[in-house]
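Read off the chains here:
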Amino acid sequence: MTKPSAPKRFLPTSPFKAPVDLPPKQFAVGDQVTHDVHGLGRVIGIEAGIAAVVDFGSTQERILSPYAKMSKL
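Below is a short write-up of the structure. From a predicted model like this one, the values you see are computed outputs, not experimental measurements.

For D31, the location among the structural elements is in the segment before β1 (32-35). Under the relative-accessibility criterion, D31 is labelled buried at 16%. Polar side-chain contacts of D31 include one of 2.8 Å to the backbone nitrogen of A28. A distance of 3.4 Å separates the side chain of D31 from the side chain of K72, its partner in a polar contact.

Of note, the bond from S65 into P66 is cis; its omega dihedral lies within 30 degrees of zero at 20°. Tracing the chain through its elements places P66 in the loop between β4 (60-64) and β5 (70-72).

All right, on to the layout of surface pockets then. Its volume calculated, the largest pocket comes out at about 160 Å³. In terms of lining residues, the largest pocket is bounded by P24, K25, Q26, F27, I46, E47, A48, G49, S65, P66 and Y67.

As a further point, take the nonpolar core. Within the largest apolar cluster, nine residues are counted, these being F27, V33, V43, A52, V54, F56, I63, Y67 and M70. Excluding anything up to four places from it in sequence, F56 contacts H35, H38, G39, L40, G41, E61 and I63.

Here we come to the side chain of H35. The topology assignment puts H35 in strand β1. The buried category is assigned to H35, whose relative accessible area is 9%. Side-chain polar atoms of H35 contact the backbone nitrogen of H38, separated by 3.3 Å. Excluding anything up to four places from it in sequence, H35 contacts F56, I63, K69 and M70.

The subject of this paragraph is the sheet that holds strand β3 (residues 51-55). If you trace the five strands from one edge of the open sheet to the other, you get β4-β3-β2-β1-β5, paired in antiparallel fashion. The sheet is open, and its two edges are formed by β4 and β5, each paired on a single side. For this sheet the average axis-to-axis angle between neighbouring strands, irrespective of direction, equals 40°. Bridge count between strand β2 (residues 39-47) and β3: five bridges; the pairing is antiparallel. Within the sheet, the bridge partner assigned to V43 lies in β3 and is V54.

Reading the values: rules and limits
Residues numbered from 1 in each chain as written. Predicted model: local features only at pLDDT ≥ 70, side-chain atom pairs only at ≥ 80, totals over all residues. Heavy atoms only, no water. Helix = DSSP H or I, 4+ residues; strand = E, 2+ residues; numbered from the N terminus. Buried < 20%, exposed > 50% of the residue type's maximum accessible area, 1.4 Å probe, protein only. Polar contact = N/O pair within 3.5 Å; in protein donor to acceptor, adjacent residues only side chain to side chain. 1 Å grid on protein atoms, 1.4 Å probe; cavity = no way out; pocket = protein on both sides within 12 Å on 5 of 7 lines; lining within 4 Å. Points joined across faces, edges and corners; volume = space filled by probe spheres on them. Core = buried A, V, L, I, M, F, W, Y, C linked by side-chain atoms within 4.5 Å. Contact = heavy atoms within 4.5 Å. Pairing = 2+ DSSP bridges. Axes fitted to C-alpha atoms, helices over the stretch in contact; angles between N-to-C directions.

Rendered as structure tokens:
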């Protein structure tokens with residue numbers, strides 16, 4: 001199965017609830033984070049709205065927004 005190219009739009013007459021838009025994740029320099037692939041790390045740099053540079057101990061990675069696999073501890 002393929003992913004649709006455009007998100008489905010909500011119709012005001014629909015009996016179902018409108019989808020909830022979550023606010024984008026925000027990180028600051030010094031935040032401890034966990035990443036699904038790289039593990040535990042600390043944010044060492046921020047590129048406003050574009051990416052976060054994270055030190056995972058053995059490597060430094062530039063994680064792009066919307067940070068799907070990364071969460072703050």
